[in-house]
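Coordinate inspection notes
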Amino acid sequence: MQNKIESFSDLNLDPSIQKAVKESGYNSPTPIQVQSIPILLKNKDLLGCAQTGTGKTAAFALPIIQNLIIKNRKPIPKEPKVLVLVPTRELAVQVNESFVFYGKYTDVKTAVIYGGVGQNPQAKSIASGIDVLIATPGRLVDLMDQRLVFLKSLEVFVLDEADRMLDMGFIHAIRKIITYLPKNRQNLFFSATMPPDIEKLAKTILVDPIRIDITPVSSTVELIKQSVLFVEQSSKKDLLIHLFKDKNLRKTIIFTKTKHGANKVSELLNKNKISSDVIHGNKSQSARQRALEDLRTGKNRALVATDLAARGIDIDDITHVINFEIPYVPETYVHRIGRTARAGKEGVAFSLCEKDERSLIKDIEKVIGISIPVERNHPYHSDEVEKHTGKAPKLHGSGGGGFSNQRKHQPKQGTPKKTFTPSKKTGPIKKSRYR
């Protein structure tokens, strides 16, 4: 019978790794770490249903570093031993920071590559010889096509946030990358949800995997103080400014559906002396990193984001999430509000709902299994919107308080049978030097 794992010292990790973990300030592993690390130390394949915020990155980074230490093989130029594939630039940077931090007292070398910036420094870091490569699919395929990176010596393949990969249209790039992988390798596959397409992809990658499922939606959503504020479209902007009169909104993420809407919300906030910045697909990597750092350090009170840009944001102590526009897909709502209330801390989620979004709130409530409390104690409450029973139109004009350009209604993609959302995490990764 396996001994109960209560601290990282129970995981028999190398002293150099233990030292780095101790410096992170966290002694107790999260559920995904308790379940995953012993499996991965035995070089078995793993299928994990878990999101960012559960401590997932450390769950695979720690055993990968451990196994690299044990094998003690010299890095080969252009030929990484470990490939971690992630969907976004932000997540690539964060995963790399985790590997650098946990491997700081080892000889393990890492590199990170992603699009949107020049490739020469990235190619140079690979050419010098590395153990671990963290990459987004597009940039990796580009460098492979130029023969600047080869995967023939790969020993471990990690596919992170597989569902988001498919959402972003990376399936063809992933399939191409897989054809270049050696047959004998360890595979780690992580996804927040497991719809049929994801299950099918997992079967093409994994060999006799052990599956673990972490934290179903209902148990974590209940940790967040949620409320819906019914408001006329014309008053949405005023309501948003009103909410920020509460000084408790210190680190707030505001979600919009479009890049244009995100820009307009940030402009509105700054005009009203509420410090904010914005991230979306049109922003450069340096601008994104600056926006994240300004929220992390408290320089800004708010970060306005689109859903794709926000995936992979992992900032501690987010006090509030505001849905300035309600998402069409209920699962997206769960991803959004999961940015707060991490590591057992409290969090608040506001949803500003106009008439055309009323039915979307009902769809969300069906998925999360609870009714979202209505907050009527504000100057812009609308009984008419609250009582509205009509469905959202197929085409919006300048909805969302006049911020969105003509947005086509995205058809509901069906209610996911099971979805997962963050619970605990390993805690903050301190700023570290890149190797």
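Predicted model, so just to flag it, every value in this text is computed and none were measured. (Residues numbered from 1 in each chain as written. Predicted model: local features only at pLDDT ≥ 70, side-chain atom pairs only at ≥ 80, totals over all residues. Heavy atoms only, no water.)

**Side note on the overall build of the chain**
To keep it simple, the criterion reads: Strands are runs of DSSP state E lasting at least 2 residues, helices are runs of H or I lasting at least 4, and numbering of each runs from the N terminus. Burial classes: relative accessible area under 20% of the type maximum marks a residue as buried, over 50% as exposed, and values in between as partly exposed (1.4 Å probe, protein chains only). In this description, contact between two residues means that some pair of their heavy atoms is separated by no more than 4.5 Å. Accessible surface is estimated by sampling points in the Shrake-Rupley manner with a 1.4 Å probe; for residues, cover comes only from the protein chains shown.
Check the secondary structure of the chain and you find 18 helices and 15 strands. Counting only residues that meet the buried cut, the chain has 59% of its 435 residues in that class. Considering only contacts in the chain between residues 6 or more positions apart, those separated by 24 or more positions represent 78%. When the accessible surface of the chain is summed, it comes to about 19100 Å², and 49% of that surface belongs to carbon and sulfur atoms.

**Concerning the sheet that holds strand β10 (residues 276–279)**
To be explicit about the condition: Between any two strands, pairing holds if DSSP finds at least two bridges. As a rule, the C-alpha atoms of each element are fitted with a line to give its axis, helices using only the stretch in contact, and angles between N-to-C directions run from 0 to 180 degrees.
Read from one edge of the open sheet, 6 strands run β8-β13-β12-β9-β11-β10, paired in parallel fashion. If you trace the sheet from one side to the other, it starts and ends with β8 (224–230) and β10, each paired once. With direction set aside, neighbouring strand axes in the sheet form an average angle of 20°. In this structure, β8 lies alongside strand β13 (residues 347–353), joined through 7 bridges in parallel fashion. Paired with Phe 230 across the strands is Cys 353, a residue of β13. Packing of helix α13 (residues 285–296) onto the sheet brings it into contact with β9 (252–255), β10 and β11 (302–305), and relative to β10 it is tilted by some 140°.

**What about the packing of helix α3 (residues 56–71) against helix α4 (residues 89–102)?**
Spelled out, the test is: For classification purposes, an angle smaller than 35 degrees is called roughly parallel, one larger than 145 roughly antiparallel, one from 65 to 115 roughly perpendicular, and anything else oblique. Crossing handedness is read from the near helix: turned anticlockwise from the far helix by less than a right angle, it gives a left-handed crossing, and turned clockwise, a right-handed one. Here the term charged refers only to Asp, Glu, Lys and Arg, the term nonpolar to Ala, Val, Leu, Ile, Met, Phe, Trp, Tyr, Cys and Pro, and the term polar to all other amino acids, Gly among them.
The interhelical angle for the contact between α3 and α4, taken along N-to-C directions, is 45°, at an axis separation of 10 Å. Relative to α4, the element α3 is oriented oblique. The two elements α3 and α4 cross, and the hand of that crossing is right-handed. Between α3 and α4, the contacting residues are Thr 57, Ala 58, Phe 60, Ala 61, Leu 62, Ile 64 and Ile 65 on the first element and Val 95, Ser 98, Phe 99 and Tyr 102 on the second. Tallied by class, residues from the contact of α3 with α4 come to 9 nonpolar, 2 polar and no charged.

**Points about the packing of aromatic side chains**
Aromatic ring pairs: the centre-centre distance and the angle between the two ring planes describe each pair. Our working rule: Paired rings are identified among Phe, Tyr and Trp, the last through its six-membered ring, by centres lying within 6.5 Å, and are further divided according to the angle between planes into stacked (under 30 degrees), edge-to-face (over 60) and tilted (the rest).
What the rule picks out here adds up to 3 aromatic pairs. Geometrically, the ring pair formed by Phe 60 and Phe 99 is tilted, given 6.2 Å between the ring centres and 40° between the ring planes. A residue pair is termed long-range when its members are at least 10 positions apart, and Phe 60 in helix α3 and Phe 99 in helix α4 qualify at 39 residues. Accessibility expressed as a relative area gives 0% for Phe 60, which makes it buried.

**Focus: the sheet that holds strand β2 (residues 82–85)**
Read from one edge to the other, the open sheet built from 7 strands follows the order β3-β4-β2-β5-β6-β1-β7, with strand pairing classed as parallel. Taken across any chain shown, the strands that pair with only one partner, and hence form the sheet edges, are β3 (110–113) and β7 (210–213). Here the strands of the sheet are splayed against their neighbours by 10° on average, with no regard to which way each runs. Contacts from α3 reach β2, β4 (132–135), β5 (156–159) and β6 (186–191), with the element oriented near 170° to β6.

**Observations concerning helix α16 (residues 358–368)**
Within α16, 9 of the 11 residues are buried, leaving the element largely enclosed by the surrounding structure. At the exit of α16 stands Gly 369, carrying a positive phi of roughly 80°.

**Some points on the nonpolar core**
Selection rule: Among buried residues, those of type Ala, Val, Leu, Ile, Met, Phe, Trp, Tyr and Cys that are joined through side-chain atoms within 4.5 Å constitute a nonpolar core.
With 41 residues, the main nonpolar core has Phe 60, Leu 62, Ile 64, Val 84, Phe 99 and Ile 134 as its most contacted residues. Of all elements in the fold, only α1 (15–23), α2 (31–41), α3, β2, α4, β4, β5 and β6 reach the threshold of two or more residues within this core. Residue contributions to this core peak at 8 residues, all from α3. Residues within four places of Ile 64 in sequence aside, it is in contact with Val 82, Phe 99, Val 156, Val 158 and Leu 188. Core analysis: the second largest hydrophobic core is formed by 37 residues, Leu 47, Ile 113, Ile 126 and Met 165 among them.

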